[in-house]
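# Observations on chain architecture
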Amino acid sequence: MILWQTLRFAVGGLAANKVRSALTMLGVLIGVASVILLLAVGNGSSQAVKDSITSLGTNSLTVSAGSAAGGSRSVSSVKKLTVADAKALATDADSSAIKSVAPVVTTSATALYGNVSYTPGSVVGTYPAYFETSNQKVAHGEYFTNDDVLGSRKVAVLGATTAKQLFDTEDPVGKKIVLGGTPFTVVGVLQAKGGSGFTDPDDVVIAPLPTVQNAFTGFGAVSQILVQASSADTTTAAQSEITRVLLGTHAIADPSKADFRITNQASLLTARESTTKTFTVLLGAVAAISLLVGGIGITNIMLVTVTERTREIGIRKALGAPRAVILGQFLTESTLLSVIGAGLGVAAGIIGSHFSIVGIKPVVIPESVLGAFGIAVAIGLFFGSYPANRAASLRPIDALRHE
């Protein structure tokens, strides 16, 4: 009965100052919603990176030029990767863990189709093995073949974004485009992978390596070599075999002086996850400041409330109300402010997570919802305790004299 009366008096006290109470709840709402949304953005970013990396295939490795150890060798002394290196990897009799090899060159060029001009994110020259190694699946048409590579044929496979920009709803397969002044016949369109962040993996044109070298890059070094291990379990073995073969082709006796580096999806994923966890913690810390500001707002509002209701407190104490009743009433009011504000903040955060933010689809963390709500309620109790204690400590005679 006493608890019910305390709650009824607390609700009445908040209802007497609707605007003030609403503004206080708004501060808590913003704090809770910020925590939920910002942590969801961090989690969504982490998930997008993870999906992007795993979409390349868990058994794919990328070989790039440059010192693996951070390098004491000068840039001029580092031997570039070549098609010969890729052929050595593909034909090595002792490399049982290597399934396929695809040298890659990357450049840029403007594509024309009729009156439409568009510059895709990248133009890739490679071998057919690239598609399987990078987990690229064709949606319409087909891949180019090894015969297309041997014949340096001017054929191309388009990413979904590039196809949309150039052809809109028209079927690109069999149509001719002009890429950097060179005509290409479109033989296929890849399935959309979906972009994350600032890069779009679907914004690409892929053509036979010799064709791209002849038209754009020249027959020098390649940008990287993509290697597919025979399975996810043999990735480590494949990495060792790549190191052995390339040390031989580059005439390097000491492995610590290797002028190439090998990355696999597992190590890349670990590094990216570490970065995104730090990013998420930073976002959560920033959002927590909003909760703190909301708590300070509760303190200020409750202090004003105590001052305005000093005579009411004096009358109640003069009529025999114990200190615990006065303390409980004002603590209940501050807790109600935080509970209602936190509840509305949870609703706002969950609703907001259904929309993309800076190109990232937020993924709500259930623990963040419970944590933000619980912390908000605890803040209401903590920051409301000082005004409540101040009200309960008033002497009846002083409270009745208050103007």
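Quick summary incoming for the structure in this document. All residue numbers here refer to positions counted from 1 along the written sequence of the relevant chain. Per-residue local features of the predicted model are confined to residues with pLDDT of at least 70, and side-chain atom pairs are confined, for both listing and counting, to 80 or more; whole-chain, interface and lining totals are unaffected and use all residues. Hydrogens are left out, water is left out, and the side-chain values use all remaining heavy atoms of the structure.

## Things to note about the overall build of the protein chain
Helix numbers and strand numbers start at the N terminus; a helix is a DSSP run of H or I with at least 4 residues, a strand a run of E with at least 2. Summing up its helical and strand segments, the protein chain has 13 helices and twelve strands in all. Per-residue burial over the protein chain gives 44% buried out of 403 residues. The contact rule is simple, with two residues in contact once any of their heavy atoms fall within 4.5 Å. At a minimum sequence separation of 6, the contacts of the protein chain that also span at least 24 residues come to 80%. With residues, only the protein chains shown are counted as cover, and all accessible areas are computed by Shrake-Rupley using a 1.4 Å probe. As displayed, the protein chain has an accessible area near 19,800 Å², and 62% of this comes from carbon and sulfur atoms. When a residue's accessible area, from a 1.4 Å probe over protein chains only, is under 20% of the maximum for its type it is buried; when over 50% it is exposed; and in between it is partly exposed.

## Describing the side chain of Q213
One can find Q213 in helix α7 (residues 209-217). Take Q213: its relative accessible area is 5%, and that puts it in the buried class. Among all residues touching Q213, those that are not within four sequence positions of it are V83, V105, G218, F219, G220 and V222.

## Here's the deal with the nonpolar core
General note: in soluble globular proteins, nonpolar side chains tend to be found buried as a group. As used in this record, nonpolar core signifies buried Ala, Val, Leu, Ile, Met, Phe, Trp, Tyr and Cys residues forming a set joined through side-chain atoms within 4.5 Å. Formed by 58 residues in total, the largest nonpolar core has its most connected members in V63, L89, I225, V227 and I242. When residues no more than four places from it in sequence are discounted, the contact partners of I225 are L61, T62, V63, L81, T82, D85, A86, L89, V101, A102 and P103. Counting residues in hydrophobic clusters, the runner-up holds 24 residues, among them I326, A372, F383 and A392.

## Some words on the packing of helix α11 (residues 323-352) against helix α12 (residues 366-392)
Whenever a helix is involved, its axis is fitted only over the stretch in contact; in every case the axis is a line through C-alpha atoms, and angles between N-to-C directions fall within 0 to 180 degrees. Put simply, α11 and α12 touch, their axes get as near as 7 Å, and they point 150° apart. Taken as axis vectors, α11 and α12 run roughly antiparallel relative to one another. The interaxial crossing formed by α11 with α12 has right-handed handedness. Contacts between α11 and α12 pair R323, I326, L327, F330, L331, S334, T335, S338, V339, A342, G343 and V346 from the former with V369, F373, A376, V377, G380, L381, G384, S385, A388, N389, A391 and A392 from the latter. Residues are grouped as follows: nonpolar covers Ala, Val, Leu, Ile, Met, Phe, Trp, Tyr, Cys and Pro; charged covers Asp, Glu, Lys and Arg; every other residue, Gly included, is treated as polar. Looking at the contact of α11 with α12 residue by residue, the class counts come to 15 nonpolar, eight polar and one charged. By the definition adopted for this analysis, an angle is roughly parallel if under 35 degrees, roughly antiparallel if over 145, roughly perpendicular if from 65 to 115, and oblique otherwise. Handedness of a helix crossing follows the sense of rotation of the near helix relative to the far helix, less than a right angle counterclockwise being left-handed and clockwise being right-handed.

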